[in-house]
Amino acid sequence: MSEAPEKFDTAMTTWQEWQDAPWGRLRYSIAEANLLGHLGGPGGDPLRILDLAGGDGGDAIRLAARGHHVTIVDYAPAMLAAARERAEAGGVTELIDCVEADATDLPRDLADGEFDVVLCHNLLQYVDDVPGTLAAALAPLKPGGLISVMAINRHSAPLNITVREGDPAAALAALETDQARTRMFDSALTLHTAEEIIPSLRKLGCRDIAHYGIRSFCDYITDDARKYEPDFYADLERLELATTARPPYMHTARLFQLTAWKQSD
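Structural notes, computed from the coordinates. (Residues numbered from 1 in each chain as written. Predicted model: local features only at pLDDT ≥ 70, side-chain atom pairs only at ≥ 80, totals over all residues. Heavy atoms only, no water.)

### Overview of unusual backbone geometry
For clarity, the cut-off: Counting from the N terminus, the helices are DSSP H or I runs at least four residues long and the strands are E runs at least two residues long.
The omega angle of the peptide bond from Pro247 to Pro248 is 0°, so this bond is cis rather than trans. Within the secondary structure layout, Pro248 lies in the loop between α11 (230-243) and α12 (249-252). Non-glycine residue Asn122 carries a positive phi angle of around 55°. Note that Asn122 resides in the loop between β4 (115-121) and α7 (130-138).

Structure (structure tokens):
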């Protein structure tokens, strides 16, 4: 990854506030629901999960709370320290391992780890070699295992700019570029679409690829204050869950999530 880890460390407070906001909560709850649809219900065997660029454990802590063992890989020390604190607060310390490493250059013991599930969430927008990153993410996954890939959806950018900023000229420009910038981490981003990533997964031997949208409506509601109202948020979450895999909504959602099974030997 080209960005320095210090950028992610210094934005910790802003990042944690974002996670606690309605849009952050939806990002995690919808992703978890989509994953659980493939992992089976309560009472199943605990799984070994690898969370690449897992940050402070937003996905990992939820899965550990369900009894799964999760290894978080991230190269920002403050993020991993926060993940350990969250694991302790959630009573899942024994189910969380934190490894400081580049998610695209894993230590050998992880690269050969035979994990049941690999999460590659919000990593692709920071890397130059998407096929290589996906291949590296699949390497630790055992045959027949599940990968989950999430990234900012390029289709959402012009719509988001128009609705949120009221700037159709900027939205028109956004139609012609895959480049963007995150204010939170002050980092350059390359935006992708699910339609671009699915063929890469197929070439790498993945099967039964499922396409989901995360925050199909939330980001286009300009009254952010209402999203903090419990009843409104509950209705919004139900709507998001109902449309996460329903065309055409996942095509313009703020994030896309793809799940796929690694080809068995």
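### Comments concerning the sheet that holds strand β3 (residues 96-100)
Put simply, the rule reads: Only when DSSP finds a minimum of two bridges between them are two strands counted as paired. All axes are obtained by fitting lines to C-alpha atoms, using only the stretch in contact for helices, and the reported angles, taken between N-to-C directions, cover 0 to 180 degrees.
The strand order β3-β2-β1-β4-β5-β9-β8 describes an open sheet built from 7 strands, whose pairing is mixed. Of all the strands in the sheet, just β3 and β8 (206-214) have a single pairing partner and so form its edges. On average, each strand axis in the sheet is tilted by 15° relative to the strand beside it, whichever way the strands run. Across 5 bridges, the pairing between strand β2 (residues 69-74) and β3 is parallel. Bridge assignment links Ile72 to a residue of β3, and that residue is Cys98.

### Topic: the pattern of salt bridges
Put simply, the rule is: What counts as a salt bridge is simple: a side-chain nitrogen of Lys or Arg found within 4 Å of a carboxyl oxygen of Asp or Glu. Only protein chains enter the area calculation, which uses a 1.4 Å probe; residues under 20% of their type maximum are buried, those over 50% are exposed, and those in between are partly exposed.
One pass over the full model with this rule turns up 12 salt bridges. Between Arg154 and Glu196 there is a salt bridge whose closest N-O contact spans 2.8 Å. Highlighted residues: Arg154 in the loop between β5 (141-152) and α8 (156-165) and Glu196 in helix α10 (residues 194-203), separated in sequence by 42 residues. Its relative accessible area of 22% is what places Arg154 among the partly exposed residues. Assessed through its relative accessible area of 33%, Glu196 is described here as partly exposed. Close ionic contact of Lys227 with Asp224 constitutes a salt bridge, the shortest N to O distance being 2.7 Å. The exposure class of Asp224 is partly exposed, given its relative accessible area of 23%. Put simply, Glu32, Arg62 and Arg66 are held in one network by salt bridges that share partners.

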